[in-house]
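Tertiary structure, described
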Amino acid sequence: MKTTFYSNGKLLISGEYLVLDGADAFALPTKFGQDLVVENGSNREINWKSYDFDRQLWFEDTLTFSEIIDNPTSEPETVKTTLIQILHEAYRLNPNFLENTDGYNISTHLSFPKNWGLGTSSTLLNNVAQWTKVNAFTLLKNSFGGSGYDIACAQNDTPIVYQIENNTVKPVSFHPDFTRNIHFVYLNKKQNSKAAIQAYYNNKNQNLAQNITENNKITTAILSAKTVKEFSFAIEKHEIHLSDILEMQTIKEAAFPDFDGVVKSLGAWGGDFVMVISKEEPRSYFASKGYETILSYDEMILQK
């Protein structure tokens, strides 16, 4: 018997960092995602294989049921120990998935390169939650931590506004006429967001309530923009607001000061994808800077 589970990838458009303290976060599920295929196995173990978007095997190992139940934590963090931790937390929430079987053969398949930052971990975690019949937000909290907006995208096929309190997900309408002016550019580097998060925590308490109010106002303006000019203005305002809180240059100031348009960080500042808004086709500009992976809005964003 074979069962398949699937989850959407994600892009965070507004509310980064502040979402951790209750601000509204506007996020878009992507056309890219990950599936998890479960088949019966043996020997009270899980034979696990993970495939990248090009069908290349990037991880393979055997996890024993006893490892998952006991979760030995003395080893350094690896893909295997992370996987065991997720499954251990799922087991604590619902032991049935190990109690009524001889074993499993599991394979996962990404439809995007795993270094893109579209949610390799969140899609896996949501798929595991579906399979083991546990709450994905609880599983996230007990394993990786984080705001949970990525889990919300994994589970929803429409644009959403997310709040961390009670993991509130509100589907929203976002079908602007100007999506042809929106592109996503991959910066080809994983961002270590610890410094930005530290700056955020150092500064947030000075005006946290005010900052959240301002974020939510800007998010409303982003969602209600009728023209590319209004949208660009709201996005720029969001970048400046966070730049002040994080004590960091915006990505446009740091890397693309001569670009005729708006460039916005998505999620952790300075890495993975940025959103670009411009009247002219932006591919030649970014290609000239060495950034070859450029997707249109229609290529990237799930639209139902």
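This text follows the structure it describes.
Worth saying up front: this structure is predicted, and the values here are computed from it rather than measured. (Residues numbered from 1 in each chain as written. Predicted model: local features only at pLDDT ≥ 70, side-chain atom pairs only at ≥ 80, totals over all residues. Heavy atoms only, no water.)

**Focus: the side chain of Asn 211**
Here Asn 211 lies in helix α8 (residues 208–224). With residues near it in sequence (within four places) discarded, Asn 211 still touches Leu 18, Lys 204, His 241 and Ile 245. (Helix = DSSP H or I, 4+ residues; strand = E, 2+ residues; numbered from the N terminus. Contact = heavy atoms within 4.5 Å.)

**Points about the pattern of salt bridges**
With the rule as written, the count across this model stands at eleven salt bridges. Across the salt bridge formed by Lys 80 and Glu 67, the nearest N and O atoms sit 3.6 Å from each other. Highlighted residues: Lys 80 in helix α2 (residues 79–93) and Glu 67 in helix α1 (residues 65–70), separated in sequence by 13 residues. Among the residues examined, Glu 67 registers a relative accessible area of 18% and is labelled buried. (Salt bridge = Lys/Arg side-chain N within 4 Å of Asp/Glu carboxyl O. Buried < 20%, exposed > 50% of the residue type's maximum accessible area, 1.4 Å probe, protein only.)

**Focus: the sheet that holds strand β8 (residues 182–186)**
Hydrogen bonds along the backbone pair up the strands of a sheet, which may run parallel or antiparallel. Spatial ordering of the open sheet is given by β9-β10-β8-β11, a layout of four strands whose pairing is antiparallel. The open sheet is flanked by β9 (262–265) and β11 (294–296), the only strands paired with a single partner. Averaged over all neighbouring strand pairs, the angle between strand axes comes to 25°, with direction disregarded. As paired elements, β8 and strand β10 (residues 273–277) share five bridges and run antiparallel to each other. Bridge assignment links Phe 184 to a residue of β10, and that residue is Met 275. Taken strand by strand, helix α9 (residues 228–246) contacts β8, β9 and β10, and its axis lies near 45° from that of β9. (Pairing = 2+ DSSP bridges. Axes fitted to C-alpha atoms, helices over the stretch in contact; angles between N-to-C directions.)

**Some thoughts on helix α4 (residues 120–132)**
Its 13 residues place the ends of α4 18 Å apart at the C-alpha level, agreeing with the 18 Å of an ideal helix rising 1.5 Å per residue. Within the span of α4, buried status applies to Thr 120, Ser 122, Thr 123, Leu 124, Leu 125, Asn 126, Asn 127, Val 128, Ala 129, Trp 131 and Thr 132. In the stretch just after α4, Lys 133 is the one whose phi turns positive, near 60°. (Expected span 1.5 Å × (residues − 1).)

**A word on the pairing of strand β3 (residues 45–51)**
Direction of pairing for β3 relative to strand β4 (residues 57–64): antiparallel, over a ladder of seven bridges. The residue of β4 that forms the bridge with Ile 46 is Leu 63. Between β3 and β4, which pair antiparallel and follow one another directly, the connecting turn spans five residues, one of which, Arg 55, has a positive phi of 70°. As judged from the six bridges shared by β3 and strand β5 (residues 104–110), these two strands associate in the parallel manner. Within the sheet, the bridge partner assigned to Tyr 51 lies in β5 and is His 109.

**Some words on the packing of α8 against α9**
The N-to-C vectors of α8 and α9 enclose an angle of 160°; their axes lie 8 Å apart at closest approach. The angle between α8 and α9 places the two elements in the roughly antiparallel class. Crossing of α8 over α9 shows left-handed handedness. From α8, Asn 211, Glu 214, Asn 215, Ile 218, Ala 221, Ile 222 and Ser 224 reach across to α9, where they touch Glu 230, Phe 231, Ala 234, Ile 235, Lys 237, His 238, His 241 and Ile 245. Across the contact of α8 with α9, the residue classes break down as seven nonpolar, five polar and three charged. (Parallel < 35°, antiparallel > 145°, perpendicular 65-115°, else oblique. Left-handed = near helix turned anticlockwise from the far one by under 90°. Nonpolar A, V, L, I, M, F, W, Y, C, P; charged D, E, K, R; others polar.)

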